[in-house]
Amino acid sequence: MLFFHPMDFLIIIAFALSLWASFRVRGTFNKWSSVPVYSGMTGAQAARRMLDANGLYDVPVEAVRGTLTDHYDPTARVVRLSEHVYYESSISAVSVACHEVGHAIQHKVHYPMLVARHYMFPVVNFASGVAPLLILAGFLFQQIPWLLGLGIIFFAAAVAFQLVTLPVEFNASSRARDLMVSEGFISNQEERGVAKVLNAAALTYVAAALISVLELLKYIMIFTGRNNDD
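Cut-off values and rules
- Residues numbered from 1 in each chain as written.
- Predicted model: local features only at pLDDT ≥ 70, side-chain atom pairs only at ≥ 80, totals over all residues.
- Heavy atoms only, no water.
- Core = buried A, V, L, I, M, F, W, Y, C linked by side-chain atoms within 4.5 Å.
- Buried < 20%, exposed > 50% of the residue type's maximum accessible area, 1.4 Å probe, protein only.
- Helix = DSSP H or I, 4+ residues; strand = E, 2+ residues; numbered from the N terminus.
- Contact = heavy atoms within 4.5 Å.
- Pairing = 2+ DSSP bridges.
- Axes fitted to C-alpha atoms, helices over the stretch in contact; angles between N-to-C directions.
- Polar contact = N/O pair within 3.5 Å; in protein donor to acceptor, adjacent residues only side chain to side chain.
- Salt bridge = Lys/Arg side-chain N within 4 Å of Asp/Glu carboxyl O.

A. Molecular detail of the nonpolar core. Leu 51, Val 79, Cys 98 and Met 180 are the most contacted members of the largest nonpolar core, which totals 32 residues. Looking at this core, the elements that each hand over two or more residues are α1 (7-33), α2 (43-53), β3 (78-82), α4 (91-109), α6 (145-182) and α7 (191-229). Broken down by element, this core gets its largest block of residues, nine residues, from α4. For Val 79, the residues in contact, after removing those within four places along its chain, are Leu 51, Val 59, Pro 60, Val 61, Glu 62, His 71, Tyr 72, Glu 100, Val 101 and Ala 104. Ranked by size, the runner-up nonpolar core spans 10 residues in total, among them Ala 131, Ile 135, Phe 139 and Phe 155.

B. Local environment of the pairing of β3. Most of β3 sits out of view: five of its five residues are buried. Taking every second residue as pointing to the same face, both faces of β3 are buried, with Val 78, Arg 80 and Ser 82 on one and Val 79 and Leu 81 on the other. Direction of pairing for strand β1 (residues 61-64) relative to β3: parallel, over a ladder of four bridges. Its bridge partner being in β3, Val 61 is matched across the sheet by Val 79. Of the pairings in the sheet, the one linking strand β2 (residues 71-73) to β3 comprises three bridges and is antiparallel in character. Directly across from Asp 73, in β3, lies its bridge partner Val 78. Between the antiparallel neighbours β2 and β3 lie four residues, among them Arg 77 with a positive phi of about 55°.

C. Geometry of the sheet that holds β1. Pairing within the open sheet is mixed, and its three strands lie in the order β1-β3-β2. Of all strands in the sheet, those bounded by a partner on one side alone are β1 and β2. Averaged over neighbouring strand pairs, the angle between their axes works out to 30° when direction is ignored.

D. Broad picture of the side chain of Gln 106. Mapping Gln 106 onto the fold places it in helix α4. By relative accessible area, Gln 106 is classed as buried at 0%. Among the polar contacts made by the side chain of Gln 106, one reaches the side chain of Asn 171 at a distance of 2.9 Å.

E. Highlighting the pattern of salt bridges. Within the structure shown, the criterion is met by seven salt bridges. A salt bridge links Glu 62 to Arg 80, with the nearest nitrogen and oxygen atoms 3.4 Å apart. Remark: Arg 80 occurs in strand β3 and Glu 62 occurs in strand β1; sequence separation between them is 18 residues. A salt bridge links Glu 191 to Arg 177; the shortest N-O distance between them is 3.7 Å. Here the residue Glu 191 occupies a position in helix α7, and Arg 177 occupies one in helix α6, the gap between them amounting to 14 residues.

Structure follows, in C-alpha coordinates:
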(Lines give C-alpha, C1' and ligand atoms only; values in the text may rest on other atoms or scores of the structure.)
Protein backbone atom coordinates (compact mmCIF):
# COMPACT_ATOMS: atom_id res chain seq x y z
CA MET A 1 0.00 0.00 0.00
CA LEU A 2 2.95 2.30 0.62
CA PHE A 3 4.37 1.92 -2.87
CA PHE A 4 1.29 1.59 -5.05
CA HIS A 5 -2.33 2.68 -4.91
CA PRO A 6 -4.99 2.92 -7.65
CA MET A 7 -4.98 6.72 -7.19
CA ASP A 8 -1.37 6.71 -8.39
CA PHE A 9 -2.61 6.39 -11.98
CA LEU A 10 -4.38 9.75 -11.69
CA ILE A 11 -1.43 11.27 -9.86
CA ILE A 12 0.92 10.22 -12.67
CA ILE A 13 -1.42 11.81 -15.22
CA ALA A 14 -1.58 15.01 -13.14
CA PHE A 15 2.22 15.01 -12.82
CA ALA A 16 2.53 14.70 -16.60
CA LEU A 17 0.13 17.64 -16.92
CA SER A 18 2.33 19.62 -14.53
CA LEU A 19 5.44 18.91 -16.62
CA TRP A 20 3.60 19.89 -19.79
CA ALA A 21 2.39 23.10 -18.11
CA SER A 22 5.96 23.97 -17.08
CA PHE A 23 7.23 23.47 -20.62
CA ARG A 24 4.30 25.41 -22.00
CA VAL A 25 4.79 28.44 -19.76
CA ARG A 26 8.45 28.66 -20.76
CA GLY A 27 7.65 28.15 -24.43
CA THR A 28 4.86 30.72 -24.38
CA PHE A 29 7.00 33.21 -22.48
CA ASN A 30 9.87 32.80 -24.94
CA LYS A 31 7.55 33.09 -27.94
CA TRP A 32 5.96 36.36 -26.82
CA SER A 33 9.27 37.70 -25.54
CA SER A 34 10.21 38.18 -29.18
CA VAL A 35 7.09 40.25 -29.87
CA PRO A 36 7.61 43.93 -28.96
CA VAL A 37 4.74 45.76 -27.27
CA TYR A 38 3.42 48.69 -29.29
CA SER A 39 3.68 51.12 -26.36
CA GLY A 40 7.43 50.50 -26.22
CA MET A 41 7.39 50.18 -22.43
CA THR A 42 9.64 47.79 -20.58
CA GLY A 43 8.27 45.54 -17.88
CA ALA A 44 9.68 47.87 -15.22
CA GLN A 45 8.08 50.93 -16.80
CA ALA A 46 4.72 49.22 -17.14
CA ALA A 47 4.85 48.08 -13.52
CA ARG A 48 5.77 51.55 -12.30
CA ARG A 49 3.01 53.23 -14.27
CA MET A 50 0.39 50.73 -13.13
CA LEU A 51 1.46 51.09 -9.51
CA ASP A 52 1.27 54.89 -9.75
CA ALA A 53 -2.12 54.72 -11.49
CA ASN A 54 -3.42 52.84 -8.44
CA GLY A 55 -1.86 55.17 -5.86
CA LEU A 56 0.92 52.75 -4.93
CA TYR A 57 3.70 55.33 -5.23
CA ASP A 58 5.61 53.89 -2.28
CA VAL A 59 5.88 50.37 -3.75
CA PRO A 60 9.25 50.05 -5.53
CA VAL A 61 10.03 47.88 -8.55
CA GLU A 62 13.29 45.95 -8.31
CA ALA A 63 15.23 43.70 -10.69
CA VAL A 64 16.24 40.23 -9.46
CA ARG A 65 18.34 37.52 -11.03
CA GLY A 66 16.91 34.35 -12.52
CA THR A 67 14.26 33.37 -15.03
CA LEU A 68 10.58 33.68 -14.13
CA THR A 69 11.55 34.68 -10.58
CA ASP A 70 9.03 37.52 -10.68
CA HIS A 71 6.93 38.05 -7.55
CA TYR A 72 5.31 40.57 -5.25
CA ASP A 73 6.61 40.55 -1.68
CA PRO A 74 3.71 41.62 0.59
CA THR A 75 5.98 41.84 3.65
CA ALA A 76 8.47 44.26 2.10
CA ARG A 77 5.79 45.70 -0.21
CA VAL A 78 7.97 45.53 -3.30
CA VAL A 79 7.47 44.20 -6.84
CA ARG A 80 10.47 42.13 -7.92
CA LEU A 81 10.94 41.35 -11.60
CA SER A 82 13.44 39.02 -13.25
CA GLU A 83 16.00 40.87 -15.33
CA HIS A 84 14.42 39.79 -18.65
CA VAL A 85 11.04 41.11 -17.56
CA TYR A 86 12.46 44.24 -15.96
CA TYR A 87 14.46 45.43 -18.97
CA GLU A 88 12.60 43.96 -21.97
CA SER A 89 9.87 45.68 -23.97
CA SER A 90 7.75 42.72 -25.05
CA ILE A 91 4.30 41.20 -24.64
CA SER A 92 5.69 38.67 -22.15
CA ALA A 93 7.60 41.22 -20.08
CA VAL A 94 4.72 43.65 -19.74
CA SER A 95 2.24 40.82 -19.04
CA VAL A 96 4.29 39.30 -16.22
CA ALA A 97 5.16 42.68 -14.72
CA CYS A 98 1.55 43.82 -14.63
CA HIS A 99 0.45 40.48 -13.17
CA GLU A 100 2.76 41.05 -10.21
CA VAL A 101 1.37 44.56 -9.82
CA GLY A 102 -2.03 42.89 -9.70
CA HIS A 103 -0.93 41.27 -6.45
CA ALA A 104 0.16 44.64 -5.08
CA ILE A 105 -3.29 46.03 -5.89
CA GLN A 106 -4.89 43.03 -4.17
CA HIS A 107 -2.80 43.86 -1.11
CA LYS A 108 -3.97 47.47 -1.17
CA VAL A 109 -7.68 46.61 -1.42
CA HIS A 110 -7.40 43.68 1.02
CA TYR A 111 -8.54 41.10 -1.49
CA PRO A 112 -10.08 38.39 0.77
CA MET A 113 -8.25 35.40 -0.69
CA LEU A 114 -4.89 37.18 -0.48
CA VAL A 115 -5.61 38.08 3.14
CA ALA A 116 -6.54 34.46 3.86
CA ARG A 117 -3.35 33.21 2.22
CA HIS A 118 -1.30 35.67 4.25
CA TYR A 119 -2.74 34.41 7.55
CA MET A 120 -2.42 30.79 6.45
CA PHE A 121 1.23 31.06 5.47
CA PRO A 122 2.91 30.63 8.90
CA VAL A 123 0.82 27.55 9.66
CA VAL A 124 1.27 26.09 6.20
CA ASN A 125 5.01 26.75 6.25
CA PHE A 126 5.23 24.54 9.34
CA ALA A 127 2.65 22.00 8.17
CA SER A 128 4.28 21.42 4.77
CA GLY A 129 7.54 20.51 6.49
CA VAL A 130 6.02 18.22 9.09
CA ALA A 131 3.36 16.48 6.96
CA PRO A 132 5.73 14.30 4.86
CA LEU A 133 7.54 13.09 7.99
CA LEU A 134 4.30 12.18 9.75
CA ILE A 135 2.88 10.44 6.67
CA LEU A 136 6.08 8.44 6.20
CA ALA A 137 6.08 7.53 9.89
CA GLY A 138 2.43 6.50 9.55
CA PHE A 139 3.32 4.07 6.77
CA LEU A 140 6.34 2.69 8.61
CA PHE A 141 4.61 2.32 12.00
CA GLN A 142 1.16 1.09 11.05
CA GLN A 143 0.52 0.07 14.64
CA ILE A 144 0.30 3.80 15.50
CA PRO A 145 -2.61 4.87 13.22
CA TRP A 146 -2.82 8.42 14.51
CA LEU A 147 0.55 9.27 12.90
CA LEU A 148 -0.91 8.97 9.42
CA GLY A 149 -4.08 10.76 10.49
CA LEU A 150 -2.11 13.68 11.89
CA GLY A 151 0.04 13.79 8.76
CA ILE A 152 -3.11 13.98 6.63
CA ILE A 153 -4.38 16.93 8.68
CA PHE A 154 -1.14 18.85 8.18
CA PHE A 155 -1.02 17.93 4.50
CA ALA A 156 -4.62 19.10 4.09
CA ALA A 157 -3.56 22.52 5.38
CA ALA A 158 -0.90 22.72 2.67
CA VAL A 159 -3.44 21.67 0.03
CA ALA A 160 -5.88 24.31 1.26
CA PHE A 161 -3.17 26.92 0.81
CA GLN A 162 -2.66 25.85 -2.80
CA LEU A 163 -6.39 25.99 -3.48
CA VAL A 164 -6.63 29.49 -2.01
CA THR A 165 -3.70 30.50 -4.23
CA LEU A 166 -5.67 29.72 -7.41
CA PRO A 167 -8.22 32.57 -7.17
CA VAL A 168 -5.42 34.89 -6.04
CA GLU A 169 -3.45 34.19 -9.23
CA PHE A 170 -6.46 34.32 -11.56
CA ASN A 171 -7.69 37.55 -10.01
CA ALA A 172 -4.25 39.17 -10.34
CA SER A 173 -4.16 38.24 -14.02
CA SER A 174 -7.68 39.58 -14.56
CA ARG A 175 -6.77 42.89 -12.91
CA ALA A 176 -3.61 43.09 -15.01
CA ARG A 177 -5.41 42.51 -18.33
CA ASP A 178 -8.13 45.05 -17.59
CA LEU A 179 -5.68 47.75 -16.50
CA MET A 180 -3.24 47.10 -19.33
CA VAL A 181 -5.98 47.84 -21.86
CA SER A 182 -7.58 50.76 -20.00
CA GLU A 183 -4.20 52.43 -19.35
CA GLY A 184 -3.09 51.93 -22.96
CA PHE A 185 -0.13 49.66 -22.18
CA ILE A 186 -1.29 47.26 -24.90
CA SER A 187 -3.59 47.44 -27.88
CA ASN A 188 -6.74 45.35 -28.24
CA GLN A 189 -4.88 43.17 -30.75
CA GLU A 190 -2.09 42.51 -28.27
CA GLU A 191 -4.51 41.32 -25.59
CA ARG A 192 -4.53 37.87 -27.22
CA GLY A 193 -0.80 37.47 -26.56
CA VAL A 194 -1.18 38.73 -23.01
CA ALA A 195 -3.94 36.18 -22.37
CA LYS A 196 -1.76 33.34 -23.66
CA VAL A 197 1.16 34.31 -21.42
CA LEU A 198 -0.96 34.70 -18.28
CA ASN A 199 -3.10 31.60 -18.92
CA ALA A 200 -0.01 29.45 -19.43
CA ALA A 201 1.39 30.62 -16.10
CA ALA A 202 -1.93 30.00 -14.33
CA LEU A 203 -2.03 26.42 -15.63
CA THR A 204 1.07 25.55 -13.61
CA TYR A 205 -0.77 26.48 -10.40
CA VAL A 206 -3.79 24.41 -11.43
CA ALA A 207 -1.64 21.36 -12.19
CA ALA A 208 0.23 21.63 -8.87
CA ALA A 209 -3.02 21.95 -6.94
CA LEU A 210 -4.49 18.95 -8.76
CA ILE A 211 -1.53 16.76 -7.82
CA SER A 212 -1.83 17.77 -4.17
CA VAL A 213 -5.58 17.15 -4.05
CA LEU A 214 -5.16 13.69 -5.57
CA GLU A 215 -2.37 12.83 -3.14
CA LEU A 216 -4.54 13.97 -0.24
CA LEU A 217 -7.43 11.80 -1.43
CA LYS A 218 -5.03 8.87 -1.73
CA TYR A 219 -3.83 9.22 1.86
CA ILE A 220 -7.40 9.61 3.13
CA MET A 221 -8.45 6.44 1.27
CA ILE A 222 -5.51 4.52 2.74
CA PHE A 223 -6.25 5.80 6.23
CA THR A 224 -9.97 5.00 6.11
CA GLY A 225 -9.23 1.62 4.52
CA ARG A 226 -6.97 0.72 7.43
CA ASN A 227 -9.60 1.72 9.97
CA ASN A 228 -12.24 -0.34 8.19
CA ASP A 229 -9.91 -3.35 8.19
CA ASP A 230 -9.46 -2.94 11.92
